[in-house]
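Inside the fold
What follows is each chain in one-letter form.
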Amino acid sequence: MATIENLGPTTREAFITEIRRMEIPALIAQQCVQQGAIHGVAFLLKTGMKEDIAIEMLASLRVNMQLIREEAHRRGAGDLFPFDQTGFE
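An account of the accompanying structure is given in this report. Quantities reported herein were computed from a predicted structural model and do not represent experimental measurements. (Residues numbered from 1 in each chain as written. Predicted model: local features only at pLDDT ≥ 70, side-chain atom pairs only at ≥ 80, totals over all residues. Heavy atoms only, no water.)

With that settled, the discussion passes to the overall build of the chain. If you tally the helices and strands in the chain, you get 3 helices and 0 strands. Taken from N to C terminus, the helices and strands of the chain fall in the order α-α-α. Counting only residues that meet the buried cut, the chain has 12% of its 89 residues in that class. Counting only contacts in the chain whose residues sit at least 6 apart along the sequence, the fraction spanning at least 24 positions is 45%. Accessible surface, the chain: about 7200 Å² in total, of which carbon and sulfur atoms supply 61%. (Helix = DSSP H or I, 4+ residues; strand = E, 2+ residues; numbered from the N terminus. Buried < 20%, exposed > 50% of the residue type's maximum accessible area, 1.4 Å probe, protein only. Contact = heavy atoms within 4.5 Å. Areas by Shrake-Rupley, 256 points an atom, 1.4 Å probe, with all protein chains shown as cover.)

In structure tokens:
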């Protein structure tokens, strides 16, 4: 099972060291997380950072993630992320 690593403020070298230690599933998860973060920040920069937009995006992402979990479970692929790791409720 992969987990999302929250390395916080770190150096480039420390981050490289950390990702080189990751198992393949964790590395794949990091790719998903990083690409999702890039997309989210780019979207907010493009449309403007308004609370209602962010709330709407988060709600939509959570619904989509639950649908993905259900499909992964249906296919026997497991659940890479058993809960949304946002830190925001």
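So, on to the pattern of salt bridges. Under the definition given, this model contains 3 salt bridges. As a salt-bridge pair, Arg21 and Glu18 come within 3.7 Å of each other at their nearest N and O atoms. With a gap of 3 residues between them, Arg21 and Glu18 both fall in helix α1 (residues 12–21), about one helical turn apart. Given a relative accessible area of 22%, Glu18 falls into the partly exposed group. With a closest N to O distance of 2.7 Å, Glu71 and Arg74 form a salt bridge. With a gap of 3 residues between them, Glu71 and Arg74 both fall in helix α3 (residues 51–75), about one helical turn apart. (Salt bridge = Lys/Arg side-chain N within 4 Å of Asp/Glu carboxyl O.)

Looking now at the side chain of Arg69. If you trace the backbone, Arg69 turns up in helix α3. Once residues lying within four places of it in the same chain are set aside, the contact partners of Arg69 are Asp79, Phe81, Pro82, Phe83 and Asp84.

Taking 1.5 Å of rise per residue, 24 residues should cover 34 Å, and helix α2 (residues 24–47) covers 35 Å from first to last C-alpha, within 8% of that figure. Within α2 the residues assigned to the buried category are Ala26, Ala29, Gln30, Gly40 and Leu44. Looking at the buried residues of α2, the elements they touch are α3. With its phi angle positive at about 100°, Gly48 sits one or two positions after the end of α2. (Expected span 1.5 Å × (residues − 1).)

The next point concerns the environment of Arg69. Overall, the relative accessible area of 9% leaves Arg69 in the buried class. Residues Arg69 and Leu80, 11 residues apart in the sequence, show an inter-C-alpha distance of 8.2 Å.

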